[in-house]
Amino acid sequence: MLFSESFQMALTSLYANKMRSLLTMLGIIIGVGAVIALVSVGMGVRSNVTSSIASLGSNMLIVSPGSSNRGGVRGAAGSMQTLKYDDAKAIQEKIKNIDYVSPAVSSSYQVVYGNNNWNTTVQGVTPEFLQIRSLSVSNGSFISSNDMNKRSRVAVIGTTVASSLFDKENPVGKNIRINNQPYKVIGLLTSKGQSSMGQDQDDMIYVPLTTAQERMLGITYVQSINIQVSDQNRMDQVQAEVETLLRTRHHIVGDKEDDFHVRNLTSLMETVSQSTSMLTLLLGAIAGISLLVGGIGIMNIMMVSVTERTREIGIRKALGATFMNIMTQFLIESMVIGIIGGLIGILAGCLASQIIAKAGHFTTVITMTPILVSFVFSVGIGLFFGIYPARKAARLDPIEALRYE
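Residues numbered from 1 in each chain as written. Predicted model: local features only at pLDDT ≥ 70, side-chain atom pairs only at ≥ 80, totals over all residues. Heavy atoms only, no water.

- Under the annotation held in an unreviewed UniProt entry, the protein carries the name FtsX-like permease family protein and is attributed to Selenomonas montiformis.
- For the protein, the Subcellular location (unreviewed entry) comment in UniProt is given as "Cell membrane".
- For the protein, the Sequence similarities (unreviewed entry) comment in UniProt is given as "Belongs to the ABC-4 integral membrane protein family." (UniProt positions renumbered as here; feature names shortened; annotations may be inferred.)

If you want it as structure tokens, here you go:
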């Protein structure tokens, strides 16, 4: 009963000073809203980056050539020509826990269809590339083993290439010219969108690896080997086995530097996830400072309230109000400020997150964790910063308080 009475008196006091109460809540509202909005941005960054890496394929290892070194002059990364198609076959045959292996080469070409032309990347791959990179064909078919054996002039194109060359026309079955040679379009891929680095994953043409090597580039080496591991928990083990096998095949002994690099996309995803988690935590901590400032505002206004209501406190004490009665009343007032400010801040933060997403064409992710944590903090800050003013009010001498003007 006493608690209910104190709660009603606290609400009445706050309502009697509406503007002052609102301005006091403003710090809490801004703090809670900032925490939710900034954490949602950080979670959005994390989601975008991890989904972009995942779009490259699951459980992937990518083997790329090392950099050449001639006369002490270091070449560009991937400038060596040591990776061969046989290396990919050996990896597939001799190493366990591997689902698919696909060597690849790529280059940029001007592609022509009728009066339209488009500059894009042409990549030579094997049929396994479809599974490794989690691609799907929306129309037609992907490259087959028969296409590889015959070195067929066939192509599978992305949606960006299709819209640039064919507009709304169905590209499957049509002939395009790549490097002034005719290629028949046998498939159209499902759109994958942009990567986290802004690269258009649909601006791509895939041709048989053998066709790209012999008919287009005139090379015998490959520029990368894509490997899909069957079990994520064995990624490090398979990576070590691939490195050992390639060192043996390339006759690299002792401390001699490898002529290849193996990238583990799962490790990369874990590193990125940790980095973005730290970013999210940092953004939340920065926004949390606003909550502390809001708490100081609550304490300041409660101190003013104690001064203004000194005679009221004296009358209540003279009528029998105890130390705890006065403490409870003022603590409830400060907590109500925190509760109402926290609820309004949650709405403001969710709204701000949506505005940021639409204005910046950016993905934001709102979760319950920052909402609950920020709300609990707003209530806790209201309680913590209300203790000193409440104790000061409860310790007032009733005789001195009644004499106060």
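That covers the picture; the talk isn't over yet.
### Considerations on the overall build of the protein
For step 1, the next point in the chain: Counting its secondary structure elements, the protein contains 13 helices and 12 strands.
For step 2, the next point in the chain: Counting over 405 residues, the protein shows a buried share of 46%. (Helix = DSSP H or I, 4+ residues; strand = E, 2+ residues; numbered from the N terminus. Buried < 20%, exposed > 50% of the residue type's maximum accessible area, 1.4 Å probe, protein only.)

### What about the packing of helix H3 (residues 85-94) against helix H8 (residues 235-249)?
For step 1, the next point in the chain: Running from N to C, H3 and H8 cross one another at 135°; their axes reach a closest spacing of 11 Å. By the angle between their axes, H3 is oblique relative to H8. Read as a crossing pair, H3 and H8 show a hand that is right-handed. Facing Asp-86, Asp-87, Ala-90, Ile-91 and Lys-94 of H3, the residues of H8 in contact are Val-242, Leu-245, Leu-246 and Arg-249.
For step 2, the next point in the chain: Here the contact of H3 with H8 is built from residues that sort into 5 nonpolar, no polar and 4 charged. (Axes fitted to C-alpha atoms, helices over the stretch in contact; angles between N-to-C directions. Parallel < 35°, antiparallel > 145°, perpendicular 65-115°, else oblique. Left-handed = near helix turned anticlockwise from the far one by under 90°. Contact = heavy atoms within 4.5 Å. Nonpolar A, V, L, I, M, F, W, Y, C, P; charged D, E, K, R; others polar.)

### Re the confidence of the model for the protein
For step 1, the next point in the chain: Taken residue by residue, the protein gives an average pLDDT of 83. The fraction at 70 or more is 88%.
For step 2, the next point in the chain: Across the protein, element-level confidence peaks in strand S7 (residues 154-157) with a mean pLDDT of 96 and bottoms out in strand S3 (residues 73-74) with 49. (pLDDT = per-residue confidence, 0-100.)

### Re the packing of aromatic side chains
For step 1, the next point in the chain: Evaluated as defined, the whole model comprises 4 aromatic pairs.
For step 2, the next point in the chain: Between the aromatic rings of Phe-384 and Phe-385, the centroid separation amounts to 5.2 Å while the plane-to-plane angle is 85°, which identifies the pairing as edge-to-face.
For step 3, the next point in the chain: Overall, Phe-384 belongs to the exposed group, its relative accessible area being 56%.
For step 4, the next point in the chain: An aromatic cluster of at least three residues, connected via ring pairs, comprises Phe-129, Phe-142 and Tyr-206. (Phe/Tyr/Trp six-rings, centres within 6.5 Å; stacked < 30°, edge-to-face > 60°.)

### Here we look at the pairing of strand S10 (residues 204-208)
For step 1, the next point in the chain: Burial within S10 is extensive, with 5 of its 5 residues counted as buried.
For step 2, the next point in the chain: In this structure, strand S5 (residues 116-125) lies alongside S10, joined through 5 bridges in parallel fashion. Within the sheet, the bridge partner assigned to Val-122 lies in S10 and is Ile-205.
For step 3, the next point in the chain: With 2 bridges connecting them, S7 and S10 associate as antiparallel partners. Counterpart to Ile-157 in the pairing with S10 is Ile-205. (Pairing = 2+ DSSP bridges.)

### Some thoughts on the environment of Asp-200
For step 1, the next point in the chain: Checked against the element boundaries, Asp-200 lands in the loop between strand S9 (181-189) and S10.
For step 2, the next point in the chain: On the accessibility criterion, Asp-200 (25% relative accessible area) is partly exposed.

### Concerning the packing of helix H11 (residues 323-359) against helix H12 (residues 368-394)
For step 1, the next point in the chain: Relative to each other, H11 and H12 sit at 155°, their axes nearing to 7 Å. One way to sum up the angle between H11 and H12 is to call them roughly antiparallel. For H11 against H12, the interelement crossing comes out right-handed.
For step 2, the next point in the chain: For the contact of H11 with H12, a count of residues per class yields 18 nonpolar, 6 polar and 1 charged.

### Quick notes on the nonpolar core
One broad rule of soluble globular proteins: the nonpolar side chains tend to lie buried together.
For step 1, the next point in the chain: In terms of nonpolar packing, the biggest core is built from 58 residues, with Ile-91, Ile-176, Ile-205 and Tyr-206 touching the most fellow members.
For step 2, the next point in the chain: Among the elements that line this core, the one with the most residues is strand S4 (residues 98-113), at 7 residues.
For step 3, the next point in the chain: Among residues more than four places away in sequence, those in contact with Ile-176 are Val-111, Val-112, Tyr-113, Ala-155, Ile-157, Leu-165, Phe-166, Gln-181, Pro-182, Tyr-183, Val-185 and Ile-205.
For step 4, the next point in the chain: By size, the runner-up hydrophobic cluster in this structure holds 31 residues, among which are Met-25, Ile-29, Ile-36 and Leu-331. (Core = buried A, V, L, I, M, F, W, Y, C linked by side-chain atoms within 4.5 Å.)

### A closer look at H12
For step 1, the next point in the chain: In this model H12 runs 38 Å from its N-terminal to its C-terminal C-alpha over 27 residues, within 8% of the 39 Å that 1.5 Å per residue would give.
For step 2, the next point in the chain: Taking the largest bend as the criterion, H12 deviates by roughly 40°, centred on Ile-387, and proline Pro-389 comes between one and four positions later. (Expected span 1.5 Å × (residues − 1). Bend = angle between axes of the 7 residues up to and from the residue.)

### Here's the deal with H11
For step 1, the next point in the chain: Counted at 1.5 Å a residue, the expected span for H11 with its 37 residues is 54 Å, and the 53 Å between its end C-alpha atoms agrees.
For step 2, the next point in the chain: The first or second residue beyond H11 is His-361, which carries a positive phi of 50°.

### Considerations on the pattern of salt bridges
For step 1, the next point in the chain: Inspection of every chain in the model, using the stated rule, returns 5 salt bridges.
For step 2, the next point in the chain: Of the charged contacts in the structure, one is a salt bridge between Glu-169 and Lys-174, with a shortest N-O distance of 3.7 Å.
For step 3, the next point in the chain: Close ionic contact of Arg-247 with Asp-258 constitutes a salt bridge, the shortest N to O distance being 2.2 Å. Of this pair, Arg-247 sits in helix H8 while Asp-258 sits in the loop between H8 and strand S12 (260-264), and the two are 11 residues apart along the sequence.
For step 4, the next point in the chain: By relative accessible area, which is 26% here, Asp-258 ends up partly exposed. (Salt bridge = Lys/Arg side-chain N within 4 Å of Asp/Glu carboxyl O.)

### Some remarks on the pairing of strand S1 (residues 60-65)
For step 1, the next point in the chain: The element S1 is extensively covered by neighbouring structure, given that 6 of its 6 residues are classed as buried.
For step 2, the next point in the chain: Burial along S1 is two-sided: the residues Met-60, Ile-62 and Ser-64 and Leu-61, Val-63 and Pro-65 are all buried.
For step 3, the next point in the chain: Where S1 and strand S11 (residues 224-229) come together, 4 bridges link them in antiparallel fashion. Bridging from a neighbouring strand, Leu-61 pairs with Ile-227 of S11.
For step 4, the next point in the chain: The sheet contact formed by S1 and S12 spans 5 bridges and is antiparallel. Its bridge partner lying in S12, Ser-64 is registered against His-261.

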